[in-house]
Amino acid sequence: QSILILNGPNLNLLGQRQPEIYGRTTLDDIREMCTEHAQTLGIEIEFEQSNHEGALIDRIHQSKALHDGIVLNAGAYTHTSWALHDAVASVELPTIELHLSNVHAREPFRHHSCLAPVVIGLICGFGANGYRLAMDAMYSWLEDSA
Ligand code: DQA
């Protein structure tokens, strides 16, 4: 199995960005945690971040040929980007929507997700550990569908 873990805008600032909401863990810490967890599961991962909508879309397109599934924390593009929705729908790879924070307990504009209709499931509210949970969920989903 190979999973793309794709992070959207402002997630490069994790650790210093609103730590009361997102915690003190940096994106590099999360990348390391995911790499270790991938070894435990015996799978491959690619871990990336971009602040640019088009770059995220390009990455999703490329993943079709390279990966079996996508874990996507699209940041605020989650709430606005029908282009990301279309990209996920187009590649037909199982995709999990991920958020560190519980978006439903926050401002109303975070309650809507453009991605929700095209993902296999969502994980939110578990902080950095959500990345591990999302990897476990994708691993099981891919095993079950093999
Ligand atoms: C986020 C939640 C989004 O609403 C926000 O815009 C982010 C981070 C999260 O991981 O909790 O940038 O995706």
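The name an unreviewed UniProt entry gives the chain is 3-dehydroquinate dehydratase, with Pseudaestuariivita atlantica as the organism. Regarding the chain, the relevant UniProt record gives this comment under Catalytic activity (unreviewed entry): "3-dehydroquinate = 3-dehydroshikimate + H2O". As recorded by UniProt, the Sequence similarities (unreviewed entry) comment attached to the chain reads in full: "Belongs to the type-II 3-dehydroquinase family."

Caption draft 1: Structural detail: the packing of helix α3 (residues 53–66) against helix α5 (residues 82–91). Packing of α3 against α5 brings their axes to within 9 Å, and their N-to-C directions diverge by 5°. In terms of their interaxial angle, α3 and α5 are classed as roughly parallel. On the side of α3, the interface is formed by Glu53, Leu56, Ile57, Ile60, His61, Ser63 and Lys64, while α5 contributes Ala83, Leu84, Ala87, Val88 and Val91. Partitioned by chemical class, the residues of the contact of α3 with α5 number 8 nonpolar, 2 polar and 2 charged.

Caption draft 2: How the structure looks around the site of the ligand. All residues adjacent to the ligand are Asn10, Asn73, Gly75, Ala76, Thr78, His99, Leu100, Ser101, Val103 and Arg110. Residues belonging to the shell around the ligand are distributed by class as follows: 3 nonpolar, 6 polar and 1 charged.

Caption draft 3: Molecular detail of unusual backbone geometry. At Asn10, a position not held by glycine, the phi torsion is positive, near 75°. Along the polypeptide, Asn10 turns up in the loop between β1 (2–7) and α1 (19–22). Residue class for Asn10 comes out partly exposed when judged on the 14 C-beta atoms lying within 10 Å of it.

Caption draft 4: Summary view of the pairing of strand β2 (residues 44–49). Only one face of β2 is covered, namely the one carrying Ile45, Phe47 and Gln49; the face carrying Glu44, Glu46 and Glu48 has none of its residues buried. Sheet analysis places β1 next to β2, joined by 6 bridges and oriented parallel. Bridge pairing links Ser2 to Glu44 in β2.

Caption draft 5: Representation of the UniProt feature "active site" (unreviewed entry) in the chain. Here the UniProt feature "active site" (unreviewed entry) sits at Tyr22 and His99. Over a stretch of 78 residues, the named residues converge on one spot in the fold, their C-alpha atoms separated by at most 9.6 Å. Assignment of secondary structure puts Tyr22 in helix α1. Here Tyr22 falls in the partly exposed class, since 19 other C-beta atoms lie within 10 Å of it. Beyond its immediate stretch of four places on either side in the chain, Tyr22 contacts Leu14, Arg17, Leu100 and Ser101.

Cut-off values and rules
Residues numbered from 1 in each chain as written. Predicted model: local features only at pLDDT ≥ 70, side-chain atom pairs only at ≥ 80, totals over all residues. UniProt positions renumbered as here; feature names shortened; annotations may be inferred. Axes fitted to C-alpha atoms, helices over the stretch in contact; angles between N-to-C directions. Helix = DSSP H or I, 4+ residues; strand = E, 2+ residues; numbered from the N terminus. Parallel < 35°, antiparallel > 145°, perpendicular 65-115°, else oblique. Contact = placed C-beta atoms within 7 Å. Nonpolar A, V, L, I, M, F, W, Y, C, P; charged D, E, K, R; others polar. Near = placed C-beta within 6 Å. Buried ≥ 20, exposed ≤ 12 C-beta atoms within 10 Å, placed from the backbone. Pairing = 2+ DSSP bridges.

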